[in-house]
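Examining the three-dimensional arrangement
What follows is each chain in one-letter form.
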Amino acid sequence: MKKMLVTLLLALGMIAAAPAFSAETEMEMDSEMMQKMVQQSMKTWQIEDGVSVEDAVESMKLRANLLNFQMVSDLPLSEQVEAMGEESNYIRILAFCDALVAKEMVEYDVIFSGFLPCRIAVVEDDEGRGWITTMNMDMMLHAVDLSPELEPLAQRVRDIIYEIVEAGVTGDF
């Protein structure tokens, strides 16, 4: 658990000097600080009025295809929950990836494997409002030192993921 916390803090840029910490290091953090860290690591957008969650998903799939960004996974969690006999609001997780960029990032630093593939969640709340959530890609980009060759690739991935999200928010193709 401690090692996982240190890894999360490193990934989020909360620890400046990794050698000063190890899995054995006792770190005291209150739950409020940890909640803020998790909230800052994610970005959430409300889907525009008139755009259904299904339309948002289709728009994101089409936009990813137009940008040559592969959808590698589609997890209809609410359907799985309902198949198990429970009610559920709409929950669907899409995962996108550029395998060549992913390979380079993981070869540079294995920590990137924990961020792969890029996930985008589409959920509907109890009031019927649709929401899209994904990792705060800017936070991830600033949490590690990237080589000059990798930085533009990582920025491109960030821009594409945010463009895919925007298509879902607006329902545009």
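Everything below is about the structure shown above.
Residues numbered from 1 in each chain as written. Predicted model: local features only at pLDDT ≥ 70, side-chain atom pairs only at ≥ 80, totals over all residues. Heavy atoms only, no water.

So, about the environment of Ile91. Checked against the element boundaries, Ile91 lands in strand β3 (residues 91-97). For Ile91, a relative accessible area of 28% puts it in the partly exposed group. Sequence separation of Ile91 and Glu124 is 33 residues, and the distance between their C-alpha atoms is 6.8 Å. Excluding anything up to four places from it in sequence, Ile91 contacts Leu75, Pro76, Leu77, Ser78, Val122 and Val123. (Helix = DSSP H or I, 4+ residues; strand = E, 2+ residues; numbered from the N terminus. Buried < 20%, exposed > 50% of the residue type's maximum accessible area, 1.4 Å probe, protein only. Contact = heavy atoms within 4.5 Å.)

Here we come to the sheet that holds strand β2 (residues 70-75). Overall, antiparallel pairing links the five strands, which are arranged β1-β5-β4-β3-β2 in an open sheet. The open sheet has two edge strands with one neighbour each: β1 (42-46) and β2. Within this sheet the neighbouring strands show an average axis-to-axis angle of 20°, counted without direction. Looking at chain direction, strand β4 (residues 118-124) and strand β5 (residues 130-135) are connected through five bridges and run antiparallel. Directly across from Val123, in β5, lies its bridge partner Trp131. (Pairing = 2+ DSSP bridges. Axes fitted to C-alpha atoms, helices over the stretch in contact; angles between N-to-C directions.)

Before going further, it helps to examine the side chain of Arg63. Tracing the chain through its elements places Arg63 in helix α3 (residues 53-66). Overall, the relative accessible area of 15% leaves Arg63 in the buried class. Ignoring any residue separated from it by four or fewer positions in sequence, one finds Arg63 in contact with Glu163, Ile164, Ala167, Asp172 and Phe173.

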